[in-house]
Amino acid sequence: MIKKLTTLEKASLFGGRDVWHTRAVARLGVESVSFADGPTGLRKQVGSGDHLGLNASEPATCFPTSATIANSWDVELAEEVGQALGAEAAALDVDVVLGPGLNIKRSPLAGRCFEYFSEDPFLSGKLAAAYIRGIQSCGVAASPKHFAVNSQELRRMASNSVLDERTLREIYLTGFEIAVREGEPWTIMSSYNLVNGVYANENKHLLTEILRDEWGFDGMVVTDWGGGNDVVAAARAGGGVEMPAPGLDSARQLVDAVAAGRLDIADLDARAAEVVKLSERVAARRATGPVDFDTHDQLAQRAAEQSIVLLKNQDAILPLAPQTRVALIGDMAITPRYQGAGSSMVNPTRLVSAVEAIGQFDVDLVGVAQGYRRDRRPDAGLVAEAVELAGRSDVAVVFIGLDEFSETEGLDRSTLDLPDNQMTLLRALAARGVQVITVVSAGAVVDTGWEPLTQAIVHAYLGGQSGARAVWRVVTGQVNPSGRLAESDPLALDDTPAHPHFPASGHHSYYREGPFVGYRYYQTANVPVRYPFGFGLGYSTFEYSDLAVDQNGVDVTITNTSQVAGADVVQLYVGLPGSALVRPARELKGFAKVALDAGASGRVRIDFDDYTWRHFDVSADQWQVEAGQWQVMVGASSADIRLTATLDLDGVTPARQPGLDGYRRADLRSITVAEFETLLGHPIPAEPNAAVLAIDDPLSSLARAKWPPARLIHRILAGNIKRAERRGTPDLNVLFVYNMPFRAIAKMSNGMVSMAMVEGIVDVVNGHPLRGLRSIVAGFFANRRDNRRTQEFLDNSREAGR
């Protein structure tokens, strides 16, 4: 097939036809491939397409978010959800599901934490691989994202992630490695950001040396929407299709590069072949019948049930006794928070609120009160109404959480706190002496310093369209909660390892914490947390005994010591005290979710694998095992180790690297620039010249533009963001524009704007309006002429072959 394609036809495959489709080559039967967002559920748009979820989409099952499902620690459940996503995609004639997302939660403030699984790469990779297997079992491609080191929303399309190679491999790539090796995805999405100075979509180290040569990936790379930069550099490095629609300017750049000898035709052939291969893979999909949305809704509910985390249950107030008089309080009980904002938003097939669902359960609903305003403004009347209602009840079930503006694509959080007006409500209820059960709706960690005000905390995360029913089934005891936190809940924002370097406001984002992300930091530095990684309560209690360790894995007996059937998550951690290397005290290397009847015992086996003992040796450029007496720890959380054994391993004896004493103690606040440079192995890059804007600078940089009208444009954009914040509803379009670089104007205009025109725009904002305007006008007519000629060549295969 590749031999039959002309050079221009191959180059044309590098750019999308429109927002959601690749280009086809009709004369050779290369069909267009369609994409749809899908980490939480399918978002196939109808009518005018956009990539931000602004326009209507086809109804689809809204499953719990990835951050929620991660709390289930259930690989089989994740694969079931993937199968349902694949089935709905196939029924809607979608070829590629853009998900799952598995970036590491470097900071709980990251705006898309709700889309990602965990702070741990092993857990993230296992769950992502399960999603991929499920989706692709339906003949639909999965596209894990965002590859790689994509940690913040601020300047997300123009931020350079600066980190050492070992941290890159062990923390930020291991999840992707597991997903690729065990899930075998047909596509993968490159991230917007640069990694150590090179855009992810042009990074040969990532896309060729690691992804293809080392992991054996044989699929197609696709950019995040608007994430293309230099299409020729991308083709050389292993980058793939630029989406959504850069137009034919990119195709001409590739053809010219081949003609000039700047791009080897073999690289162009390889990338074009991957597009053709994906087209053939999805074209082989068999016809599917109609989707059973009732069954998928039941799966969504079950997934939410298995993922709810019970954080507190004082005096065993839960489960509620039958006919308990309940005051149902909270705006989120009336209008549920069940998914995040942005490109992952789903138009659910149905949606149930806590108010609507409570009638199905054996409790006495005394009444419903709003309690607080969603827009965060104080309202004493709503609080008084809620307190009065609670006073007539046995217990107040209060739904609180993060509002839509707090968790959205395009915007990082500035605090872990819940809105003040929600705290005012909790304090008023506590002052009245009311028994309070709080249900938290949030896609990430929130500060739970208000915990003394309540008797129970049910963290429902973002439970999808049937999450409210799942909550009531847990609260009333129809379901025994078995969710365990897939991320640590710190005592304060200042305690988080990336603080105060997150989010980076400049060009460079320095990952000065190295490998000490999440629990790896808290456990090594002995920093207390409110709720540790892996923590969760239930209505059952479990005892661990008889740990046995051999060269291939561990066996442990777990006993349900309660009168209630339930499930626990057995977690395997390893560590090497006295290591010559900078190492966390313990790292997750295995887990098993075990269901047991009351009083029953079971023997659990967790095998070691290729990821258990290894570290990346930068000097040797390979994975190694350090010799020594390793600790093998089994427990119920990262901080609750029940049983410990040792295992002697043969391996290498690395030299102790000097100049890293702060890292050895995980004393991150003492790390100097010199010590960070020692970890990096080179000097840290300096910030670029801020006086002159470049084509890669985001539009937020217009604040320092030399041309006064450009600064006015910045004030308008910033003002629109502030107004949206006051409304409590994020303006996704403005947020995207604010963070996108100038080059994205060309990459997202479907050919209307060329890169030459963008260079003219940059000239204008840098204070050269006449020169820039001439470039824009000349570029406009040249681009229109060239686009017409290029399209004529594509339409006429005889002409295209010349």
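Residues numbered from 1 in each chain as written. Predicted model: local features only at pLDDT ≥ 70, side-chain atom pairs only at ≥ 80, totals over all residues. Heavy atoms only, no water.

(A) Summary view of the nonpolar core. Counting residues in each nonpolar core, the largest one holds 68 residues, and the members touching the most others are Phe147, Leu211 and Leu588. Looking at this core, the elements with two or more residues in it are helix H2 (66-70), helix H3 (75-91), helix H4 (121-136), helix H5 (165-183), helix H6 (204-214), helix H10 (293-307), strand E20 (566-575) and strand E21 (587-596). Among residues more than four places away in sequence, those in contact with Phe147 are Leu173, Phe176, Ile188, Met189, Ser190, Ser191, Ala200, Leu206, Leu207, Leu211 and Trp215. In this structure, Ala67, Tyr372, Leu389 and Tyr461 belong to the second largest nonpolar core, which totals 64 residues. (Core = buried A, V, L, I, M, F, W, Y, C linked by side-chain atoms within 4.5 Å. Buried < 20%, exposed > 50% of the residue type's maximum accessible area, 1.4 Å probe, protein only. Helix = DSSP H or I, 4+ residues; strand = E, 2+ residues; numbered from the N terminus. Contact = heavy atoms within 4.5 Å.)

(B) Representation of a positive patch on the surface. Together, Lys722, Arg723, Arg726 and Arg727 make up a positively charged patch on the protein surface. Within the secondary structure, Arg726 is located in helix H19 (residues 708-727). (Patch = residues over 30% accessible without salt bridge, like charges linked within 9 Å, V, L, I, M, F, W, Y side chains within 5 Å. Areas by Shrake-Rupley, 256 points an atom, 1.4 Å probe, with all protein chains shown as cover. Salt bridge = Lys/Arg side-chain N within 4 Å of Asp/Glu carboxyl O. Lys, Arg positive; Asp, Glu negative; His and termini not counted. Charge placed at Lys NZ, Arg CZ, Asp CG, Glu CD.)

(C) Seen up close, the sheet that holds strand E2 (residues 96-98). Read from one edge of the open sheet, three strands run E1-E2-E3, paired in parallel fashion. Since the sheet does not close on itself, it has two edges, and those belong to strand E1 (35-37) and strand E3 (141-142), each with one partner. Pairing geometry for E2 and E3, over two bridges, is parallel. Paired with Val96 across the strands is Ala141, a residue of E3. (Pairing = 2+ DSSP bridges.)

(D) Representation of the pairing of strand E9 (residues 309-313) within the structure. Counting buried positions over the five residues of E9 gives five, a clear majority of the element. Relative to strand E14 (residues 456-459), E9 runs antiparallel, the two being bridged by four bridges. By the bridge assignment, Asn313 is partnered in E14 with Ala456.

(E) Quick peek at the state of the cysteines. The full count for this structure, using the stated rule, is zero disulfides. The thiol of Cys138 is not disulfide-bonded; the next cysteine sulfur, from Cys62, is found 18 Å away. (Disulfide = S-S within 2.5 Å.)

(F) Expanded view of the sheet that holds strand E11 (residues 364-369). Reading across the sheet, the six strands line up as E9-E14-E13-E12-E10-E11 and stay open at both edges, with mixed pairing between neighbours. Both outer strands of the open sheet, E9 and E11, are each paired with one neighbouring strand and no more. Across this sheet, the average inter-strand angle for adjacent strands is 20°, counted without regard to direction. Relative to E11, strand E10 (residues 325-329) is paired through five bridges, and the arrangement is parallel. Across the sheet, the residue bridging to Leu328 is Val368, located in E11. (Axes fitted to C-alpha atoms, helices over the stretch in contact; angles between N-to-C directions.)

(G) Broad picture of the packing of helix H13 (residues 380-391) against helix H14 (residues 420-431). Running from N to C, H13 and H14 cross one another at 35°; their axes reach a closest spacing of 10 Å. Our pair here, H13 against H14, has a crossing hand that is right-handed. Note on element contacts: H14 touches H13 through Thr424, Leu425, Ala428 and Leu429, opposite Val383, Ala386, Val387 and Ala390. The residue inventory of the contact of H13 with H14, partitioned by class, reads seven nonpolar, one polar and no charged. (Left-handed = near helix turned anticlockwise from the far one by under 90°. Nonpolar A, V, L, I, M, F, W, Y, C, P; charged D, E, K, R; others polar.)

(H) Quick look at H10. Across its 15 residues, H10 extends 21 Å between first and last C-alpha, which sits within 8% of the 21 Å expected from 1.5 Å per residue. When H10 is considered as a whole, its buried residues turn out to be His296, Asp297, Leu299, Ala300, Gln301, Ala303, Ala304, Glu305 and Ser307. Measuring from the side-chain oxygen of the N-cap residue of H10 to the backbone nitrogen of Asp294 gives 3.3 Å; that N-cap residue is Asp292. (Expected span 1.5 Å × (residues − 1). Polar contact = N/O pair within 3.5 Å; in protein donor to acceptor, adjacent residues only side chain to side chain.)

(I) Region of the structure containing the packing of aromatic side chains. The tally for this structure, following the rule as stated, stands at 19 aromatic pairs. A ring pair is formed by Phe616 and Trp623, whose centres lie 5.2 Å apart and whose planes are at 75°; its orientation type is edge-to-face. Here the aromatic residues Trp73, Phe122, Tyr519, Phe533, Tyr573 and Phe591 are joined through ring pairs into a cluster of three or more. It is Arg106 that lies over the ring of Tyr511; its NZ or CZ is 3.8 Å from the centre. When the ring centre of Trp623 is taken as reference, the NZ or CZ atom of Arg614 above it lies at 3.5 Å. (Phe/Tyr/Trp six-rings, centres within 6.5 Å; stacked < 30°, edge-to-face > 60°. Lys NZ or Arg CZ within 6 Å of the ring centre and 35° of its normal.)

(J) Structural view of the pattern of salt bridges. Across all of its chains, the model carries 53 salt bridges by this definition. Two residues, Glu115 and Arg112, come together in a salt bridge whose shortest N-O distance is 2.9 Å. One exposure class covers both Glu115 and Arg112, and it is buried. A salt bridge links Asp394 to Arg325; the nearest nitrogen and oxygen atoms lie 2.8 Å apart. Of this pair, Asp394 sits in the loop between H13 and strand E12 (395-401) while Arg325 sits in strand E10; the two residues are 69 residues apart in sequence, bridging distant segments of the chain.

(K) Up close: the environment of Met157. With respect to the helices, strands and loops of the structure, Met157 is situated in the loop between E3 and strand E4 (160-162). By relative accessible area, Met157 is classed as buried at 0%. Between the C-alpha atoms of Met157 and Gly772, which are 615 residues apart in sequence, the distance is 24 Å. Ignoring anything within four residues of it in the chain, the contact list for Met157 reads Tyr192, Tyr199, Trp225, Gly226, Gly227, Phe736, Asn739, Met740, Pro741, Arg743 and Ala744.

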